[in-house]
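Listed here are the chains, written in short residue letters.
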Amino acid sequence: MLRKDSEQALSTEIEVLVPFFDVDSMDVVWHGHYVKYLEIARCALLDEIGHNYTQMKAAGYVWPVIDLQLRYARAARFGQRVIVRAELIEWRNRLKVNYLISDAQTGERMTRASTVQVAVTTQGEMQLLSPRVFTDIVERRLASMAADNHTVSQATAVDAAPMMTDA
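What you see is a predicted model, and the numbers here were worked out from it, not measured in a lab.

Definitions and cut-offs
- Residues numbered from 1 in each chain as written.
- Predicted model: local features only at pLDDT ≥ 70, side-chain atom pairs only at ≥ 80, totals over all residues.
- Heavy atoms only, no water.
- Helix = DSSP H or I, 4+ residues; strand = E, 2+ residues; numbered from the N terminus.
- Contact = heavy atoms within 4.5 Å.
- Areas by Shrake-Rupley, 256 points an atom, 1.4 Å probe, with all protein chains shown as cover.
- Phe/Tyr/Trp six-rings, centres within 6.5 Å; stacked < 30°, edge-to-face > 60°.
- Buried < 20%, exposed > 50% of the residue type's maximum accessible area, 1.4 Å probe, protein only.
- Core = buried A, V, L, I, M, F, W, Y, C linked by side-chain atoms within 4.5 Å.
- Polar contact = N/O pair within 3.5 Å; in protein donor to acceptor, adjacent residues only side chain to side chain.
- Salt bridge = Lys/Arg side-chain N within 4 Å of Asp/Glu carboxyl O.

J.: Would you mind going over the overall build of the protein with me for this structure?
T.: The helix and strand inventory of the protein stands at 3 helices and 8 strands. Counting from the amino terminus, helix and strand elements in the protein follow one another as β-β-α-α-β-β-β-β-β-β-α. Sequence separation of at least 24 residues holds for 65% of the intrachain contacts in the protein that already meet a minimum separation of 6. For the protein, the exposed area adds up to about 10,000 Å²; of that, 55% sits on carbon and sulfur atoms.

J.: Even after reading the chapter, I still don't get the packing of aromatic side chains, so can you show me in this structure?
T.: Aromatic ring pairs: the centre-centre distance and the angle between the two ring planes describe each pair. Inspection of every chain in the model, using the stated rule, returns 4 aromatic pairs. A ring pair is formed by tyrosine 34 and tyrosine 37, whose centres lie 6.1 Å apart and whose planes are at 65 degrees; its orientation type is edge-to-face. With tyrosine 34 and tyrosine 37 both in helix 1 (residues 33-49) and 3 residues apart, this pair spans about one turn of that helix. Judged by relative accessible area, tyrosine 37 falls into the buried class, the value being 2%. Ring centres of tyrosine 34 and tyrosine 72 lie 5.0 Å apart, and the angle between their planes is 70 degrees; on these two criteria the pair is classed as edge-to-face.

J.: Can you help me understand the nonpolar core in this one?
T.: The nonpolar side chains of soluble globular proteins are, as a tendency, buried together. Val84, Leu88, Phe134 and Val138 are the most contacted members of the largest nonpolar core, which totals 35 residues. Breaking this core down by element, the ones donating at least two residues are strand 2 (9-17), helix 1, strand 5 (81-90), strand 6 (95-103), strand 7 (109-117) and helix 3 (132-160). The leading source of residues in this core is helix 1, at 8 residues.

J.: Quick question: what am I supposed to make of the side chain of asparagine 52 here?
T.: Counting through the fold element by element, asparagine 52 comes out in the loop between helix 1 and helix 2 (53-58). Within the structure, the side chain of asparagine 52 is placed 2.9 Å from the side chain of aspartate 47, a separation counted as a polar contact. Beyond its immediate chain neighbours, meaning those up to four positions away, asparagine 52 contacts Leu46 and Asp47.

J.: Help me understand the environment of aspartate 22, please; the structure alone is not making it clear to me.
T.: Of note, aspartate 22 is situated in the loop between strand 2 and helix 1. Exposure remark for aspartate 22: the relative accessible area of 1% places this residue in the buried category. Through-space distance from the C-alpha of aspartate 22 to that of phenylalanine 78 is 7.6 Å; in sequence the pair is 56 residues apart. Excluding residues that lie within four positions of it along the chain, aspartate 22 makes contacts with Val28, Val29, Trp30, His33, Lys36 and Tyr37.

J.: Just checking my understanding: could you explain the environment of valine 118 for this structure?
T.: The topology assignment puts valine 118 in the loop between strand 7 and strand 8 (120-121). With 22 residues separating them in the primary sequence, valine 118 and lysine 96 have C-alpha atoms 8.9 Å apart. Every residue in contact with valine 118, bar those within four places of it in the chain, is listed here: Val62, Trp63, Pro64, Ile66, Arg94 and Met126.

J.: Hey, could you run me through the pattern of salt bridges in this one?
T.: Pairing between side chains of opposite charge can happen when the charged atoms of each approach one another. The final tally for this structure, using the stated rule, is 8 salt bridges. In this structure, the salt-bridge partner of arginine 85 is glutamate 13, at a minimum N-O distance of 3.3 Å. Of the two residues, arginine 85 sits in strand 5 while glutamate 13 sits in strand 2, which places them 72 residues apart along the sequence.

Listed below in structure tokens is the structure:
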């Protein structure tokens, strides 16, 4: 479920059950498979925003990853359930997503990561700004979520107000 974490961030979470084929001979997830978990979470985030990779390509753009940062704190193991949180923190000039992988049962942090992507036309021309088709969708989504939160806040305030009764 898409969440608005602040005035300028959208996020979602997915759960991954670590499969046997992702672990190495030490029964821990091979370091390269974490990138796959990030990709699954990023795709879920883009789906929820309403402009996924298929829609990006149809609009004339592809978004290659140009930077990837990973910091491992604790290894994931076969059969473990992990939560992968993806948070869109930049979208106007580039697409930057921060990630947190944590144990689903304990909430313990396991891995932090970030990816940076840039828009490239399907003809191969890198863009210095994110395409308006994408930024407009993100901005509308943020505005819509802010309006929803404002409506909820007002309803809560009305519900919490003392009832007036005729004496």
